[in-house]
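Observations on chain architecture
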Amino acid sequence: MLMTIWLGIALIFVYFTIFFIIAWLMKNNGIVDIGWGLGFVIVALFCLFYSGNYDFRTILVTTLVAIWGLRLFYHIIRRNWGKPEDFRYANFRREWGKWHNLRAFFQLFMLQGLLMVLISASIFIVSLFSESGFKAYDFIGLAIWIIGFIFEAFGDAQLKSFKSDPKNKGHVIQTGLWRYTRHPNYFGEATMWWGLFIIALSVRFGYIAVISPIMLTLFLLFVSGVPLLEEKYKDKPEFQEYAKVTSKFFPLPHEKEK
């Protein structure tokens with residue numbers, strides 16, 4: 001049981017070390033984003049096959065993680081491949097100077113590895129303790145996961161469509177899901193992991209898995225994701241007006257519709 005967890009943790013840190021080496025050779029730390037979703041898929045498959053627990057719940061969680069992770073991997077690799085280093089990582093490269101590689105290894109790649117360990121709690125717990133049979137938590141968690149997937153996938157698709165129109169260059173998307181939250185994709189990602197946690201409540205020690213959605217939600221809200229994008233657009237008048245009438249994270253009615 002503990003061996004599954006320790007081997008999973010080792011796998012995660014080896015995985016991110018490989019990504020760091022690739023990033024160092026390419027001089028582009030933005031690929032750490034490409035590895036994020038795919039890493040969870042690898043962890044879920046490892047837990048499934050190493051634990052040998054092939055009951056409905058474990059296969060369900062593995063499938064949901066795979067759908068989310070592979071879609072995110074595909075979306076980010078299409079968006080970033082062949083383009084310059086993302087502005088966030090380019091800023092770190094300038095700020096960190098001669099210590100850049102060392103700090104990038106620990107503060108970007110190993111930090112994401114640590115986060116992946118904590119967020120994977122739902123995966124580990126379900127694969128280790130799940131037993132046959134259905135519970136209400138399974139269906140509630142699945143429904144919540146589907147809502148989150150819709151927000152992330154549709155939010156990304158709407159943003160891509162908006163940016164593909166030359167007329168929208170320099171403007172802020174304010175339609176579709178983006179009318180109700182300034183970050184529907186990040187809200188969706190957090191919601192999916194809350195759904196996985198609800199499923200984990202069906203098994204022994206499932207309550208421990210609450211660390212998964214809490215860590216991801218806090219990370220998106222206060223470390224990466226939301227704050228970095230808000231900082232990027234804070235001096236843009238159109239974004240300032242948009243922010244006045246649109247919820248920051250949790251979807252709410254547009255201010256003008258209240």
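Presented here is an overview of the structure given in this document. Please read all numbers here as calculations on a predicted model, not as lab measurements. (Residues numbered from 1 in each chain as written. Predicted model: local features only at pLDDT ≥ 70, side-chain atom pairs only at ≥ 80, totals over all residues. Heavy atoms only, no water.)

When its secondary structure is counted, the protein shows 11 helices and zero strands. Shown N-terminal to C-terminal, the secondary structure of the protein runs as helices and strands in the order α-α-α-α-α-α-α-α-α-α-α. Relative to a compact globule of 258 residues, whose C-alpha radius of gyration would be 18 Å, the protein shows 19 Å and is just as compact. Principal-axis analysis of the C-alpha atoms gives the protein an extent of 55 × 50 × 25 Å. In the protein, the proportion of contacts linking residues at least 24 apart, taken out of those at least 6 apart, comes to 79%. Working note: accessible area of the protein is about 13300 Å², and carbon and sulfur atoms make up 70% of it. Each charge class in the protein was averaged separately, 26 positive and 18 negative side chains, and the resulting centres sit 5 Å apart. (Helix = DSSP H or I, 4+ residues; strand = E, 2+ residues; numbered from the N terminus. Rg over C-alpha atoms; globule rule 2.2 N^0.38 Å. Contact = heavy atoms within 4.5 Å. Areas by Shrake-Rupley, 256 points an atom, 1.4 Å probe, with all protein chains shown as cover. Lys, Arg positive; Asp, Glu negative; His and termini not counted. Charge placed at Lys NZ, Arg CZ, Asp CG, Glu CD.)

Contact geometry of helix H1 (residues 2–26) with helix H5 (residues 100–119) gives a least axis separation of 9 Å together with a crossing angle of 145 degrees. Like other packed secondary-structure pairs, H1 and H5 cross with a definite hand, here right-handed. Here H1 contributes Ile9, Ile12, Phe13, Phe16, Thr17, Phe19, Phe20, Ala23 and Trp24 to the contact with H5, which in turn contributes Asn101, Ala104, Phe105, Phe109, Met110, Gln112, Gly113, Leu114, Met116 and Val117. Tallied by class, the residues present in the contact of H1 with H5 amount to 15 nonpolar, four polar and no charged. (Axes fitted to C-alpha atoms, helices over the stretch in contact; angles between N-to-C directions. Left-handed = near helix turned anticlockwise from the far one by under 90°. Nonpolar A, V, L, I, M, F, W, Y, C, P; charged D, E, K, R; others polar.)

A few words now on the pattern of salt bridges. Counting across every chain of the model gives eight salt bridges. Note that Asp156 is salt-bridged to Arg71, the shortest N-O span being 2.7 Å. Linking Asp156 in helix H7 (residues 136–164) with Arg71 in helix H3 (residues 56–80), this pair joins segments that are 85 residues apart in sequence. Assigned by exposure class, Asp156 and Arg71 land together as buried. One salt bridge connects Lys244 with Glu241, and the closest N-O pair in it is separated by 3.2 Å. Of this pair, Lys244 and Glu241 both sit in helix H11 (residues 237–245), three residues apart, which is roughly one turn of that helix. By relative accessible area, Glu241 is classed as partly exposed at 46%. Here the salt bridges share partners, and the residues they tie into one network are Asp55, Arg57 and Asp138. (Salt bridge = Lys/Arg side-chain N within 4 Å of Asp/Glu carboxyl O. Buried < 20%, exposed > 50% of the residue type's maximum accessible area, 1.4 Å probe, protein only.)

Moving on: the packing of aromatic side chains. To describe a pair of aromatic rings, you give the distance between the ring centres and the angle between the ring planes. In this structure the tally under the stated criterion is 23 aromatic pairs. Seen in terms of ring centroids, Tyr233 and Phe239 are 6.0 Å apart; in terms of plane orientation they differ by 35 degrees. Their pairing is tilted. What makes Tyr233 partly exposed here is its relative accessible area of 29%. Each residue in the set Phe20, Phe105, Phe106 and Phe109 is aromatic and connected to the rest through ring pairs, giving one cluster. (Phe/Tyr/Trp six-rings, centres within 6.5 Å; stacked < 30°, edge-to-face > 60°.)

Structurally, the position occupied by Ala121 is in helix H6 (residues 121–129). Through-space distance from the C-alpha of Ala121 to that of Pro213 is 9.4 Å; in sequence the pair is 92 residues apart. Beyond its immediate sequence surroundings of up to four residues, Ala121 is in contact with Ala209, Ile211 and Ser212.

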